[in-house]
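Overview (structure and organization)
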Amino acid sequence: MTMAKAISTSSTNFLSSSRSITSLSPTILYPSQSYKHHTFTQNSGFRVRCEAVEVAAATKPVNIKKKNRYEIENLTTWLLKQEQAGHIDAELTIVLSSISLACKQIASLLQRSSIINLTGAQGTINIQGEDQKKLDVISNELFCNCLRSSGRTGIIASEEEDVPVAVEETYSGNYIVVFDPIDGSANIDIALTTGSIFGIYGPDEQCLVDYDEDTLDEAKQKCIISVCQPGNNLVAAGYCLYSSSVVFTLSIGNGVHGFTLDPAYGEFVLTHEDIKIPNPGRKIYSFNEGNYDLWDDKLKTYLDHLRQPTSNGKPYSGRYIGCLVGEIHRMLLYGGIYGNPDNKNAKNGNLRLLYECAPMSYLIEQAGGKATDGHQRILDIVPMQVHQRTPIYIGSADEIEKLEKYLE
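The notes below deal with the structure included here. (Residues numbered from 1 in each chain as written. Predicted model: local features only at pLDDT ≥ 70, side-chain atom pairs only at ≥ 80, totals over all residues. Heavy atoms only, no water.)

Regarding the overall build of the protein
Operational definition: Helix and strand definitions here come from DSSP, where helices need a minimum of 4 consecutive H or I residues and strands a minimum of 2 consecutive E residues; each element is numbered from the N-terminal end. Note on exposure labels: buried denotes an accessible area under 20% of the residue type's maximum, exposed denotes more than 50%, and partly exposed covers the range between, all computed with a 1.4 Å probe on protein chains only. Residue contacts are defined here by distance: any two heavy atoms, one from each residue, within 4.5 Å place the two residues in contact. Methods summary: accessible areas were calculated by the Shrake-Rupley approach with a probe of 1.4 Å, and residue burial reflects only the protein chains presented.
For the protein, the helix and strand inventory stands at eleven helices and 19 strands. Expressed as a percentage of its 408 residues, the buried residues of the protein come to 47%. The contacts in the protein between residues at least 6 apart in sequence include a share of 62% that link residues at least 24 apart. Looking at the protein as shown, the accessible area adds up to about 21000 Å², and 50% of this sits on carbon and sulfur atoms.

Focus on the sheet that holds strand β17 (residues 370-372)
Under the convention used in this document: Here a strand pair is declared whenever DSSP counts at least two bridges between the two strands.
One open sheet accounts for five strands, arranged β14-β13-β15-β19-β17; its pairing is mixed. Of all the strands in the sheet, the pair left with one neighbour each is β14 (317-318) and β17. As judged from the two bridges shared by strand β13 (residues 284-286) and β14, these two strands associate in the parallel manner. What sits directly across from I284, in β14, is S317.

Describing helix α9 (residues 324-334)
Among the eleven residues that make up α9, nine are buried, leaving the element largely enclosed by the rest of the structure. Buried within α9 we find L324, V325, G326, E327, I328, H329, R330, M331 and L332. Directly after α9, the chain includes G335, whose backbone phi takes a positive value near 90°.

As for the pairing of strand β15 (residues 337-340)
Neither face of β15 is exposed, since I337 and G339 on one face and Y338 and N340 on the opposite face are all buried. Here β13 pairs with β15 via two bridges, running parallel. Counterpart to Y285 in the pairing with β15 is I337. The pairing of β15 with strand β19 (residues 392-395) spans four bridges and is antiparallel. In the strand pairing of β19, Y338 is matched with I394.

Description of the side chain of S361
Within the fold, S361 resides in helix α10 (residues 353-366). Sequence-distant contacts of S361, defined by excluding residues within four places in its chain, comprise A371, I378, L379, I392 and I394.

Brief notes about helix α8 (residues 297-306)
Stated formally: As used here, the arc belongs to the directions running from the helix axis to the C-beta atoms. Counted as a polar contact is a pair of N or O atoms within 3.5 Å, where, for protein atoms, one must be capable of donating a hydrogen and the other of accepting one, and residues adjacent in sequence contribute only when both atoms are in side chains.
Within α8, burial applies to L299, K300, Y302, L303 and L306. Along the long axis of α8, the arc covered by the buried residues comes to 160°, so they all point the same way. Tucked into the core, α8 has its buried residues touching β13, β15, β19 and α11 (397-407). You can read the cap of α8 off the contacts: a side-chain oxygen lies 2.8 Å from the backbone nitrogen of K298, and it is on D296.

Details of the packing of aromatic side chains
Cut-off, in case you're wondering: Any pair of Phe, Tyr and Trp rings, taking the six-membered ring for Trp, is counted once the centres come within 6.5 Å. Such a pair is stacked with planes under 30 degrees apart, edge-to-face with planes over 60 apart, and tilted for the rest. Consider the ring centre and the ring normal. A charge sits over the ring if Lys NZ or Arg CZ is within 6 Å of that centre and within 35 degrees of that normal.
If you walk through the whole model with that rule in mind, you get nine aromatic pairs. Relative to W295, the ring of Y292 has its centre 6.2 Å away and its plane inclined at 65°; by these criteria the two rings are edge-to-face. The class of W295 is buried, set by a relative accessible area of 4%. Arranged with centres 5.5 Å apart and planes meeting at 65°, the rings of Y302 and Y406 form a pair that is edge-to-face. Here Y302, found in helix α8, pairs with Y406, found in helix α11; they are 104 residues apart in sequence, far enough to count as distant. Among the residues examined, Y406 registers a relative accessible area of 27% and is labelled partly exposed. These aromatic residues form a ring-pair network of at least three members: Y285, F287, Y292, W295 and Y393. Above the plane of the ring of Y334 lies R282, whose end atom (NZ or CZ) is 3.7 Å from the centre. Above the face of the Y292 ring, R307 is positioned so that its terminal group lies 4.9 Å from the ring centre.

Some remarks on the sheet that holds strand β5 (residues 153-158)
Consider a sheet: its strands pair through backbone hydrogen bonds, and that pairing is either parallel or antiparallel. Condition: Throughout, an axis means a line fitted to C-alpha atoms (over the contacting stretch in the case of helices), and angles, computed between N-to-C directions, take values from 0 to 180 degrees.
Strand order in this open sheet of eight strands is β6-β5-β7-β8-β9-β10-β11-β12, and the pairing throughout is mixed. The sheet terminates laterally at β6 (165-166) and β12 (267-272), the two strands that pair on one side only. Two elements, strand β10 (residues 246-251) and strand β11 (residues 257-262), share four bridges in a ladder whose sense is antiparallel. For F248, the partnering residue across the bridge sits in β11 and is F259. Set on the sheet, helix α5 (residues 90-111) makes contact with β5, β7 (175-183), β8 (194-201), β9 (234-242), β10, β11 and β12; between it and β8 the angle comes to about 165°. Where α10 meets the sheet, its contacts fall on β5, β7, β8, β9 and β10, and the angle it forms with β9 comes to roughly 100°.

Regarding the packing of α5 against helix α6 (residues 134-150)
Quick reminder of the rule: Here the angle decides the label: under 35 degrees means roughly parallel, over 145 means roughly antiparallel, 65 to 115 means roughly perpendicular, and every other value means oblique. By definition, turning the near helix anticlockwise from the far helix through less than a right angle yields a left-handed crossing, and turning it clockwise yields a right-handed one.
Interhelical geometry of α5 versus α6 gives an angle of 155° and a closest axis separation of 9 Å. On the basis of their axis angle, the class for α5 and α6 is roughly antiparallel. Both α5 and α6 take part in a crossing whose hand is right-handed. Listed contacts from α6 to I94, V95, S98, I99, L101, A102, C103, Q105, I106, L109 and L110 of α5 are L135, I138, S139, L142, F143, C146, L147 and S150.

Okay, here's the thing in C-alpha coordinates:
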(Lines give C-alpha, C1' and ligand atoms only; values in the text may rest on other atoms or scores of the structure.)
Protein backbone atom coordinates (compact mmCIF):
# COMPACT_ATOMS: atom_id res chain seq x y z
CA MET A 1 0.00 0.00 0.00
CA THR A 2 1.37 3.33 -0.97
CA MET A 3 1.73 6.16 1.53
CA ALA A 4 -0.94 8.27 -0.25
CA LYS A 5 -3.41 5.35 -0.28
CA ALA A 6 -2.77 4.64 3.43
CA ILE A 7 -3.45 8.25 4.33
CA SER A 8 -6.62 8.25 2.22
CA THR A 9 -7.88 5.02 3.82
CA SER A 10 -7.12 6.27 7.33
CA SER A 11 -8.88 9.56 6.66
CA THR A 12 -11.95 7.73 5.34
CA ASN A 13 -12.13 5.52 8.46
CA PHE A 14 -11.75 8.52 10.79
CA LEU A 15 -14.51 10.48 9.06
CA SER A 16 -16.78 7.45 9.11
CA SER A 17 -16.23 6.69 12.79
CA SER A 18 -16.41 10.31 13.91
CA ARG A 19 -19.49 11.35 11.94
CA SER A 20 -21.61 11.51 15.11
CA ILE A 21 -18.95 13.44 16.99
CA THR A 22 -19.25 16.53 14.85
CA SER A 23 -22.96 16.73 15.62
CA LEU A 24 -22.21 16.74 19.36
CA SER A 25 -19.39 19.23 19.59
CA PRO A 26 -17.20 21.33 17.34
CA THR A 27 -14.22 20.67 19.64
CA ILE A 28 -11.37 18.58 18.21
CA LEU A 29 -11.37 15.18 19.97
CA TYR A 30 -8.46 12.91 20.56
CA PRO A 31 -8.31 9.19 21.33
CA SER A 32 -8.36 7.98 24.98
CA GLN A 33 -9.37 11.42 26.30
CA SER A 34 -12.21 11.70 28.86
CA TYR A 35 -14.53 14.62 29.43
CA LYS A 36 -17.24 15.20 31.99
CA HIS A 37 -20.11 14.37 29.66
CA HIS A 38 -18.40 12.41 26.83
CA THR A 39 -15.92 9.52 27.18
CA PHE A 40 -13.86 8.36 24.21
CA THR A 41 -11.96 5.10 23.90
CA GLN A 42 -9.88 3.62 21.11
CA ASN A 43 -10.16 -0.04 20.36
CA SER A 44 -11.02 -0.68 16.76
CA GLY A 45 -11.76 2.97 16.11
CA PHE A 46 -13.36 5.94 17.84
CA ARG A 47 -16.43 5.32 20.00
CA VAL A 48 -18.59 7.98 21.58
CA ARG A 49 -20.69 7.51 24.73
CA CYS A 50 -22.85 10.50 25.69
CA GLU A 51 -23.64 10.03 29.39
CA ALA A 52 -26.05 12.95 29.42
CA VAL A 53 -28.23 11.28 26.79
CA GLU A 54 -28.16 7.94 28.61
CA VAL A 55 -29.16 9.47 31.94
CA ALA A 56 -31.93 11.43 30.31
CA ALA A 57 -33.24 8.30 28.64
CA ALA A 58 -33.12 6.31 31.90
CA THR A 59 -34.95 9.00 33.85
CA LYS A 60 -37.41 10.17 31.23
CA PRO A 61 -40.19 12.11 32.96
CA VAL A 62 -43.70 10.77 32.72
CA ASN A 63 -46.73 13.01 32.32
CA ILE A 64 -45.00 16.19 33.58
CA LYS A 65 -46.95 19.25 32.52
CA LYS A 66 -44.74 22.15 31.60
CA LYS A 67 -45.91 25.29 33.37
CA ASN A 68 -46.76 28.18 31.13
CA ARG A 69 -44.54 31.16 31.94
CA TYR A 70 -47.65 33.36 31.86
CA GLU A 71 -49.67 31.05 34.08
CA ILE A 72 -50.11 32.89 37.39
CA GLU A 73 -52.72 32.70 40.13
CA ASN A 74 -53.71 35.91 41.83
CA LEU A 75 -55.31 36.32 45.24
CA THR A 76 -58.81 36.87 43.86
CA THR A 77 -58.70 33.67 41.81
CA TRP A 78 -57.29 31.73 44.75
CA LEU A 79 -60.04 32.99 47.07
CA LEU A 80 -62.75 32.06 44.56
CA LYS A 81 -61.29 28.55 44.30
CA GLN A 82 -61.37 28.24 48.10
CA GLU A 83 -64.98 29.39 48.06
CA GLN A 84 -65.90 26.84 45.39
CA ALA A 85 -64.19 24.12 47.42
CA GLY A 86 -66.29 25.05 50.46
CA HIS A 87 -63.38 26.24 52.62
CA ILE A 88 -64.79 29.76 52.99
CA ASP A 89 -68.07 31.48 52.22
CA ALA A 90 -68.71 34.39 49.87
CA GLU A 91 -68.75 36.92 52.71
CA LEU A 92 -65.29 35.94 53.95
CA THR A 93 -64.00 36.16 50.38
CA ILE A 94 -65.17 39.78 50.23
CA VAL A 95 -63.68 40.60 53.66
CA LEU A 96 -60.27 39.22 52.69
CA SER A 97 -60.38 41.07 49.37
CA SER A 98 -61.14 44.34 51.17
CA ILE A 99 -58.20 43.78 53.53
CA SER A 100 -55.87 43.14 50.58
CA LEU A 101 -57.05 46.40 49.02
CA ALA A 102 -56.23 48.30 52.23
CA CYS A 103 -52.77 46.71 52.21
CA LYS A 104 -52.13 47.83 48.62
CA GLN A 105 -53.04 51.39 49.55
CA ILE A 106 -50.79 51.33 52.62
CA ALA A 107 -47.91 49.88 50.60
CA SER A 108 -48.22 52.73 48.10
CA LEU A 109 -48.21 55.35 50.88
CA LEU A 110 -45.18 53.79 52.57
CA GLN A 111 -43.18 53.82 49.33
CA ARG A 112 -43.87 57.54 48.89
CA SER A 113 -43.99 58.56 52.58
CA SER A 114 -40.84 60.68 52.56
CA ILE A 115 -41.87 62.32 49.28
CA ILE A 116 -45.40 63.31 50.33
CA ASN A 117 -44.44 64.26 53.89
CA LEU A 118 -46.00 61.33 55.74
CA THR A 119 -43.02 60.63 57.99
CA GLY A 120 -42.77 61.73 61.59
CA ALA A 121 -45.21 61.84 64.48
CA GLN A 122 -48.87 62.77 64.27
CA GLY A 123 -48.77 64.52 67.63
CA THR A 124 -51.34 62.17 69.18
CA ILE A 125 -51.14 59.23 71.58
CA ASN A 126 -53.08 55.98 71.19
CA ILE A 127 -54.88 54.00 73.90
CA GLN A 128 -51.63 52.19 74.81
CA GLY A 129 -49.91 55.50 75.55
CA GLU A 130 -47.74 55.26 72.45
CA ASP A 131 -46.96 58.20 70.16
CA GLN A 132 -48.76 57.76 66.85
CA LYS A 133 -47.04 58.22 63.53
CA LYS A 134 -48.85 59.97 60.71
CA LEU A 135 -49.17 56.69 58.86
CA ASP A 136 -50.54 54.96 61.98
CA VAL A 137 -53.56 57.24 61.81
CA ILE A 138 -53.95 57.16 58.01
CA SER A 139 -53.52 53.37 57.79
CA ASN A 140 -56.10 52.87 60.50
CA GLU A 141 -58.59 54.95 58.51
CA LEU A 142 -57.82 53.01 55.33
CA PHE A 143 -58.43 49.68 57.05
CA CYS A 144 -61.66 50.87 58.67
CA ASN A 145 -63.02 52.36 55.44
CA CYS A 146 -62.23 49.26 53.35
CA LEU A 147 -63.82 46.96 55.93
CA ARG A 148 -66.94 49.13 56.33
CA SER A 149 -67.47 49.43 52.60
CA SER A 150 -67.19 45.65 52.17
CA GLY A 151 -70.58 45.34 53.86
CA ARG A 152 -69.54 42.04 55.45
CA THR A 153 -68.16 43.11 58.82
CA GLY A 154 -70.19 43.63 61.97
CA ILE A 155 -67.41 44.78 64.30
CA ILE A 156 -63.93 46.09 63.59
CA ALA A 157 -61.37 46.47 66.34
CA SER A 158 -58.08 48.26 65.84
CA GLU A 159 -55.01 48.57 68.02
CA GLU A 160 -55.24 52.31 67.38
CA GLU A 161 -58.87 52.66 68.58
CA ASP A 162 -60.00 52.97 72.20
CA VAL A 163 -62.94 50.58 71.74
CA PRO A 164 -64.14 48.30 68.95
CA VAL A 165 -66.28 49.95 66.31
CA ALA A 166 -69.67 48.45 65.50
CA VAL A 167 -70.41 48.99 61.84
CA GLU A 168 -73.68 50.83 61.23
CA GLU A 169 -76.61 48.62 60.31
CA THR A 170 -76.77 49.77 56.69
CA TYR A 171 -73.36 48.28 55.92
CA SER A 172 -73.13 45.58 58.56
CA GLY A 173 -72.25 41.91 58.08
CA ASN A 174 -71.36 39.05 60.39
CA TYR A 175 -67.58 39.00 60.66
CA ILE A 176 -65.42 40.52 63.39
CA VAL A 177 -62.06 41.81 62.16
CA VAL A 178 -59.23 42.77 64.51
CA PHE A 179 -56.10 44.39 63.13
CA ASP A 180 -52.92 46.33 63.71
CA PRO A 181 -52.77 48.67 60.68
CA ILE A 182 -49.02 49.37 60.95
CA ASP A 183 -46.76 47.04 62.90
CA GLY A 184 -43.25 48.37 63.48
CA SER A 185 -44.21 51.98 62.74
CA ALA A 186 -40.96 53.14 64.37
CA ASN A 187 -39.28 51.80 61.22
CA ILE A 188 -41.23 54.05 58.83
CA ASP A 189 -38.99 57.11 58.99
CA ILE A 190 -35.87 55.07 58.18
CA ALA A 191 -37.51 52.93 55.47
CA LEU A 192 -37.12 49.61 57.27
CA THR A 193 -39.54 46.67 57.40
CA THR A 194 -43.12 47.30 58.52
CA GLY A 195 -46.35 45.35 58.20
CA SER A 196 -50.07 44.97 58.88
CA ILE A 197 -51.64 42.18 60.93
CA PHE A 198 -55.25 40.97 60.92
CA GLY A 199 -57.44 38.29 62.42
CA ILE A 200 -61.04 37.39 61.53
CA TYR A 201 -63.68 35.89 63.84
CA GLY A 202 -67.17 34.71 63.06
CA PRO A 203 -69.53 35.83 65.88
CA ASP A 204 -72.59 33.84 66.91
CA GLU A 205 -74.94 36.72 66.15
CA GLN A 206 -74.86 40.19 64.67
CA CYS A 207 -74.15 43.20 66.83
CA LEU A 208 -75.61 46.36 65.39
CA VAL A 209 -75.39 49.76 67.05
CA ASP A 210 -75.44 53.35 65.96
CA TYR A 211 -71.92 54.25 64.89
CA ASP A 212 -72.46 57.90 65.80
CA GLU A 213 -73.11 57.22 69.47
CA ASP A 214 -70.34 58.34 71.81
CA THR A 215 -71.54 56.59 74.98
CA LEU A 216 -70.52 53.04 75.75
CA ASP A 217 -74.05 51.68 76.09
CA GLU A 218 -75.12 48.11 76.70
CA ALA A 219 -75.07 47.27 72.99
CA LYS A 220 -71.47 48.43 72.58
CA GLN A 221 -70.45 46.55 75.68
CA LYS A 222 -71.93 43.45 74.09
CA CYS A 223 -69.84 44.14 71.00
CA ILE A 224 -66.67 44.32 73.07
CA ILE A 225 -67.48 40.99 74.68
CA SER A 226 -67.97 39.50 71.21
CA VAL A 227 -64.54 40.73 70.14
CA CYS A 228 -62.74 39.19 73.11
CA GLN A 229 -62.46 35.64 71.80
CA PRO A 230 -59.54 33.22 72.11
CA GLY A 231 -57.36 32.65 69.06
CA ASN A 232 -58.85 29.16 68.75
CA ASN A 233 -61.98 30.83 67.34
CA LEU A 234 -60.17 32.53 64.46
CA VAL A 235 -61.49 31.59 61.02
CA ALA A 236 -58.70 33.41 59.18
CA ALA A 237 -55.59 35.43 59.95
CA GLY A 238 -52.67 36.96 58.13
CA TYR A 239 -50.27 39.80 57.61
CA CYS A 240 -48.91 42.02 54.89
CA LEU A 241 -45.16 42.62 54.82
CA TYR A 242 -43.93 45.95 53.43
CA SER A 243 -40.27 45.62 52.49
CA SER A 244 -38.27 45.02 49.30
CA SER A 245 -41.39 43.11 48.27
CA VAL A 246 -44.97 43.44 49.47
CA VAL A 247 -46.10 39.99 50.64
CA PHE A 248 -49.65 39.17 51.70
CA THR A 249 -49.64 35.98 53.78
CA LEU A 250 -52.77 34.34 55.13
CA SER A 251 -54.40 31.18 56.41
CA ILE A 252 -58.05 30.18 56.28
CA GLY A 253 -57.44 27.04 58.31
CA ASN A 254 -55.91 24.85 55.58
CA GLY A 255 -52.25 25.88 55.67
CA VAL A 256 -50.37 29.11 55.09
CA HIS A 257 -50.08 30.76 51.67
CA GLY A 258 -48.09 33.80 50.54
CA PHE A 259 -48.90 36.23 47.72
CA THR A 260 -46.41 38.78 46.40
CA LEU A 261 -47.60 42.07 44.95
CA ASP A 262 -46.68 42.35 41.28
CA PRO A 263 -46.32 46.11 40.66
CA ALA A 264 -46.75 45.59 36.93
CA TYR A 265 -50.31 44.34 37.38
CA GLY A 266 -51.18 45.67 40.83
CA GLU A 267 -52.15 42.14 41.86
CA PHE A 268 -51.10 39.80 44.65
CA VAL A 269 -49.72 36.67 42.96
CA LEU A 270 -49.37 33.27 44.65
CA THR A 271 -45.64 32.73 45.26
CA HIS A 272 -45.47 30.68 48.49
CA GLU A 273 -47.91 27.79 48.54
CA ASP A 274 -48.56 25.74 51.69
CA ILE A 275 -45.66 27.14 53.72
CA LYS A 276 -44.20 24.82 56.35
CA ILE A 277 -41.69 26.00 58.96
CA PRO A 278 -38.43 24.05 58.66
CA ASN A 279 -38.06 21.79 61.70
CA PRO A 280 -35.29 21.83 62.64
CA GLY A 281 -34.81 25.20 61.01
CA ARG A 282 -31.89 27.56 60.84
CA LYS A 283 -30.26 28.37 64.15
CA ILE A 284 -31.71 31.87 64.48
CA TYR A 285 -33.08 33.58 67.55
CA SER A 286 -34.66 37.01 67.82
CA PHE A 287 -34.99 38.73 71.20
CA ASN A 288 -34.49 42.36 72.17
CA GLU A 289 -31.41 41.65 74.24
CA GLY A 290 -31.32 45.23 75.48
CA ASN A 291 -33.75 43.95 78.13
CA TYR A 292 -31.56 40.99 79.12
CA ASP A 293 -30.98 42.16 82.70
CA LEU A 294 -34.74 42.59 83.20
CA TRP A 295 -35.61 39.00 82.28
CA ASP A 296 -36.22 35.94 84.41
CA ASP A 297 -33.12 33.91 85.29
CA LYS A 298 -34.48 30.80 83.55
CA LEU A 299 -34.85 32.74 80.32
CA LYS A 300 -31.34 34.14 80.70
CA THR A 301 -30.02 30.57 80.99
CA TYR A 302 -31.77 29.65 77.75
CA LEU A 303 -30.29 32.67 75.94
CA ASP A 304 -26.84 31.83 77.32
CA HIS A 305 -27.27 28.33 75.89
CA LEU A 306 -28.04 29.73 72.42
CA ARG A 307 -24.86 31.78 72.49
CA GLN A 308 -22.71 28.68 73.01
CA PRO A 309 -21.17 26.97 69.97
CA THR A 310 -23.24 24.07 68.67
CA SER A 311 -21.94 20.79 67.21
CA ASN A 312 -20.71 22.63 64.11
CA GLY A 313 -18.71 25.06 66.22
CA LYS A 314 -21.06 28.01 65.67
CA PRO A 315 -23.57 29.58 68.06
CA TYR A 316 -27.09 30.62 67.04
CA SER A 317 -27.34 33.77 64.93
CA GLY A 318 -29.02 36.72 66.63
CA ARG A 319 -31.44 38.62 64.38
CA TYR A 320 -33.77 41.37 65.56
CA ILE A 321 -35.84 43.47 63.13
CA GLY A 322 -38.08 45.42 65.52
CA CYS A 323 -41.18 44.46 63.52
CA LEU A 324 -43.23 41.38 64.41
CA VAL A 325 -44.36 40.89 60.81
CA GLY A 326 -40.75 40.76 59.61
CA GLU A 327 -39.80 38.33 62.38
CA ILE A 328 -42.67 35.97 61.59
CA HIS A 329 -42.10 36.13 57.84
CA ARG A 330 -38.46 35.10 58.22
CA MET A 331 -39.45 32.37 60.65
CA LEU A 332 -42.03 30.87 58.30
CA LEU A 333 -39.37 30.50 55.61
CA TYR A 334 -36.24 29.75 57.68
CA GLY A 335 -37.37 28.59 61.12
CA GLY A 336 -35.90 29.66 64.45
CA ILE A 337 -37.47 31.34 67.48
CA TYR A 338 -38.77 34.82 68.34
CA GLY A 339 -39.45 36.01 71.87
CA ASN A 340 -41.04 39.05 73.44
CA PRO A 341 -41.06 38.05 77.12
CA ASP A 342 -42.34 39.81 80.19
CA ASN A 343 -39.77 41.71 82.24
CA LYS A 344 -39.48 43.77 85.41
CA ASN A 345 -40.82 46.85 83.65
CA ALA A 346 -43.50 45.09 81.57
CA LYS A 347 -45.14 42.38 83.65
CA ASN A 348 -47.40 41.28 80.79
CA GLY A 349 -45.01 41.73 77.91
CA ASN A 350 -45.30 44.36 75.18
CA LEU A 351 -47.41 42.80 72.43
CA ARG A 352 -51.20 42.83 72.19
CA LEU A 353 -52.90 39.45 72.40
CA LEU A 354 -55.90 40.24 70.21
CA TYR A 355 -54.24 42.20 67.38
CA GLU A 356 -50.76 40.69 67.18
CA CYS A 357 -50.10 37.51 69.16
CA ALA A 358 -53.26 35.51 68.40
CA PRO A 359 -53.26 36.07 64.60
CA MET A 360 -49.54 35.32 64.32
CA SER A 361 -49.84 32.23 66.53
CA TYR A 362 -52.65 31.00 64.30
CA LEU A 363 -50.42 31.34 61.25
CA ILE A 364 -47.43 29.70 62.89
CA GLU A 365 -49.45 26.71 64.07
CA GLN A 366 -50.96 26.31 60.61
CA ALA A 367 -47.38 26.12 59.29
CA GLY A 368 -46.35 23.47 61.83
CA GLY A 369 -44.81 25.69 64.52
CA LYS A 370 -45.75 26.53 68.10
CA ALA A 371 -46.55 29.63 70.17
CA THR A 372 -46.68 29.97 73.95
CA ASP A 373 -46.61 32.62 76.65
CA GLY A 374 -44.18 30.44 78.60
CA HIS A 375 -46.95 28.60 80.45
CA GLN A 376 -49.77 27.96 78.01
CA ARG A 377 -50.61 27.95 74.33
CA ILE A 378 -51.29 31.48 73.03
CA LEU A 379 -54.43 30.40 71.14
CA ASP A 380 -55.97 29.07 74.39
CA ILE A 381 -55.80 32.43 76.18
CA VAL A 382 -59.20 34.11 76.57
CA PRO A 383 -58.77 37.92 76.44
CA MET A 384 -60.26 39.84 79.33
CA GLN A 385 -59.64 43.21 77.68
CA VAL A 386 -59.47 44.31 74.05
CA HIS A 387 -55.97 45.74 74.47
CA GLN A 388 -54.62 42.99 76.72
CA ARG A 389 -50.90 42.26 76.41
CA THR A 390 -49.12 38.95 76.73
CA PRO A 391 -45.58 37.55 76.64
CA ILE A 392 -44.96 35.39 73.58
CA TYR A 393 -42.42 32.84 72.38
CA ILE A 394 -43.08 31.65 68.85
CA GLY A 395 -41.24 29.61 66.23
CA SER A 396 -40.19 26.14 65.11
CA ALA A 397 -41.70 23.36 67.20
CA ASP A 398 -38.32 21.97 68.29
CA GLU A 399 -37.08 25.38 69.47
CA ILE A 400 -40.24 26.12 71.47
CA GLU A 401 -40.08 22.68 73.11
CA LYS A 402 -36.45 23.30 74.05
CA LEU A 403 -37.36 26.69 75.56
CA GLU A 404 -40.22 25.17 77.57
CA LYS A 405 -37.80 22.79 79.26
CA TYR A 406 -35.70 25.73 80.42
CA LEU A 407 -38.77 27.60 81.70
CA GLU A 408 -40.16 24.67 83.72
